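Okay, here's what each chain looks like letter by letter:
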Amino acid sequence: MSFPQNTGHATPFPRLSILLHWVMAVLIIVMLFVGLVMAHDSTIHYAGLFTLHRTVGFLLLLLVVIRLVNRFANHTPALPMDMPGPMKLAAHFSHILLYGFMIALPLVGWAMLSAGGYPITLWGGCHIPPLMGFHPHLWGVLRCLHSLLAYGLILLILAHIGAALLHGIIRRDGVMGSMLGR
Amino acid sequence: MAHSPRKGSPARWAAVILPPLCLGGLLAWTADIFSPAAISPSHFMQRFHNAGAPGDGFRRAHAKGMCTTGWFDPSPEGRALSRSGIFRGEHLPVMGRFSLAPPLPYLPDNPAVARSLSMQIRSPSGDDWRLALVDAPLQSMRDIADAYAFFGAAKLDPATHRPDPVAVQAYAAQRPWLKTAFAQAKAHKQTSDLTNDTYNSLDSFILTDEAGKKTAVRWAAVAQEPFSPADGSGANDGNYLFKRLVQTLDQRPLRWDIVATVARKGDPVNDSSQPWDNADQKVTVGTVTFTKAYSEDESPCGPMVFDPTILPDGISASDDPLLALRSSVYMRSYATRSAEHKAPSMVTPGDVASPTLTQDEKGQ
Ligand code: HEM
Ligand code: HEM
């Protein structure tokens, strides 16, 4: 099955924005799967997955900082003129939420392991300093928050993919193409 | 208007809805939502609960315990085996936790029960070495499937408040590979006290020296106090083991040698249920000295986790599947209990302040 090309003419995102978007998208999806396997399956090599999870988690924290700087330094194409107001509002709000969750998840991961008294070592032996001292109760709370944020991010990403496809396949207004570099 | 929303065909709508639906389904499947029988950390928690763990902020296993502090003096032999900063330091602070192995925080002390010792040793340069040792000679499980079945068989019968003997026997009978482990457990002579007991890592670890040479070892904390048998050593006090430990510490420091048994070719490094060669070299890498006791409720050793995979550079986990499992299961126990309101421990600050043995209602 093939669909006609987008007919809209929205300007595409800058190259760097597109690169950051897709690299982070892949890494975040990998992180979600790795996190869920660690937390819900005891039979898959835990130590290796956990090291991967910490390492890619910190890489994502670095990338989201670069991405935020880029977002304000570089231009962002406007949404199509004919998009209804509430839809535009939902788009902007969901993008703010996505950024918020992308920043909060690795920060909460870092904070919770610090509060729990776990040393944080990345793949290759790099040592990350703790964000705070030993606070066992806070560790319990933050561990729970990490799960809730992850589940929230999953829902946001699913809605985001659905919305992108809606633009690309139903509305065909060029919004999807703007992140594909067309 | 240029692009008013076009009515999509059903195929178009399917192309919009199916991709996120599939990804969501895949994520849910990864979280085991569709296979409730999978072996997961929360199912281990369920099994500890069935085996008597009450929650209430206590550890899901090794629930009854008491804290001690002291120091670690490494030996030159340790320095030769591992490049870890731990063996380069001197007089490093140690936090210990003596415990009874069952998941029951209010279990009265008695000679039959297995005991354990956990330690955290730290160096000024930030090395953190956690050990969780038990006084059994071998592990009565060899892999994750065994561990899951083992804690399943520990389920308490609601009528007798004991594990069902048939289930326990079936666990052993179905696993001929555990024959030696059960035979050695049976032959093991329990000591009179926590003070003269020897505690083993069972799982193996890999030491790396300055030159990068790797050595597989099993750890033991060997008491310097002389052996004395458990038979007839009990007392009519539910905390007699812990109180006698406090009494001794009030009189003199207690020492344990940290002994590495070095694997030779053929010793199973990834299977803690199998014995190693009796002639293996034993190296004392240092000595732990304890001087003070605290109730769990007034020491950070109460809330903290003794995850055996928290290791300094120069010591690493072996490929024993139980080590990775323990890391994940301890984390779940640690997260769950840390979010709970903790009930008072059975060994209270009062017991530590005045450890006189009394004939109390806890005694049996
Ligand atoms: C964008 C970054 C991250 C994402 C998307 C992510 C995602 C997840 C997910 C989905 C889970 C499973 C939650 C559950 O079902 O209970 C999880 C668990 C976990 N995450 Fe993350 N995480 C991120 C960053 C981090 C970082 C930076 C750390 C630590 C430095 C971390 C440490 C953990 C830990 C310790 C667990 C618990 C594993 C267990 O229960 O055995 N995460 N994460
Ligand atoms: C694979 C099977 C095992 C499982 C599932 C298991 C499970 C647990 C759990 C849930 C805890 C409570 C952790 C916490 O909340 O801090 C615990 C504690 C402990 N385990 Fe295990 N364990 C296993 C094997 C072992 C082995 C092989 C040893 C020792 C050789 C051991 C020694 C200990 C000790 C000493 C503690 C007390 C730790 C403390 O004081 O914080 N366990 N175990």
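Before reading further, recall that the structure is shown in the block above.
Residues numbered from 1 in each chain as written. Chains lettered and ligands numbered in written order. Predicted model: local features only at pLDDT ≥ 70, side-chain atom pairs only at ≥ 80, totals over all residues. Heavy atoms only, no water.

Some words on the overall build of chain A
Phase 1: Within chain A one finds five helices and two strands.
Phase 2: Listed N to C, the secondary structure of chain A is α-α-α-β-β-α-α in terms of helices and strands.
Phase 3: Oriented by its inertia axes, the alpha-carbon framework of chain A measures out at about 55 × 40 × 30 Å.
Phase 4: Counting all 182 residues of chain A, 48% fall into the buried class.
Phase 5: In chain A, the proportion of contacts linking residues at least 24 apart, taken out of those at least 6 apart, comes to 71%.
Phase 6: In the form shown here, chain A has an accessible surface area of approximately 9300 Å², with 77% of it arising from carbon and sulfur atoms. (Helix = DSSP H or I, 4+ residues; strand = E, 2+ residues; numbered from the N terminus. Buried < 20%, exposed > 50% of the residue type's maximum accessible area, 1.4 Å probe, protein only. Contact = heavy atoms within 4.5 Å. Areas by Shrake-Rupley, 256 points an atom, 1.4 Å probe, with all protein chains shown as cover.)

Brief notes about the coordination of the iron atom of ligand 2
Around a metal, the idealised angle for a tetrahedral arrangement of four donor atoms is 109.5 degrees; for an octahedral arrangement of six donor atoms it is 90 or 180 degrees.
Phase 1: Looking at the iron atom of ligand 2, one finds just one donor atom contributed by the protein, Tyr 330 of chain B (OH), at 2.1 Å.
Phase 2: Relative to the assigned elements, Tyr 330 of chain B resides in helix H8 (residues 321-338). (Donors = N, O, S within 2.8 Å, 3.2 Å for Na, K, Ca; no water.)

Notes on the site of ligand 1
Phase 1: Looking at ligand 1, there are 26 residues lining it, with His 40, His 53, His 146, Ser 147 and Tyr 151 of chain A nearest.
Phase 2: At the site occupied by ligand 1, nearby residues are drawn from chains A and B.
Phase 3: In terms of residue class, the shell around ligand 1 is made up of 16 nonpolar, seven polar and three charged. (Near = heavy atom within 4 Å. Nonpolar A, V, L, I, M, F, W, Y, C, P; charged D, E, K, R; others polar.)

Considering the state of the cysteines
Residue and element names in this part refer to chain B.
Phase 1: What the rule picks out here adds up to one disulfide over all chains.
Phase 2: Cys 67 shares a disulfide with Cys 301; S-S distance 2.1 Å. With the S-S bond torsion at -80 degrees, the cross-link from Cys 67 to Cys 301 turns out left-handed. One end of the pair, Cys 67, is in strand E1 (residues 64-74); the other, Cys 301, is in the loop between strand E8 (282-295) and strand E9 (315-317), with 234 residues separating them in the sequence.
Phase 3: Accessibility expressed as a relative area gives 0% for Cys 67, which makes it buried.
Phase 4: Judged by relative accessible area, which is 0%, Cys 301 ranks as buried. (Disulfide = S-S within 2.5 Å.)

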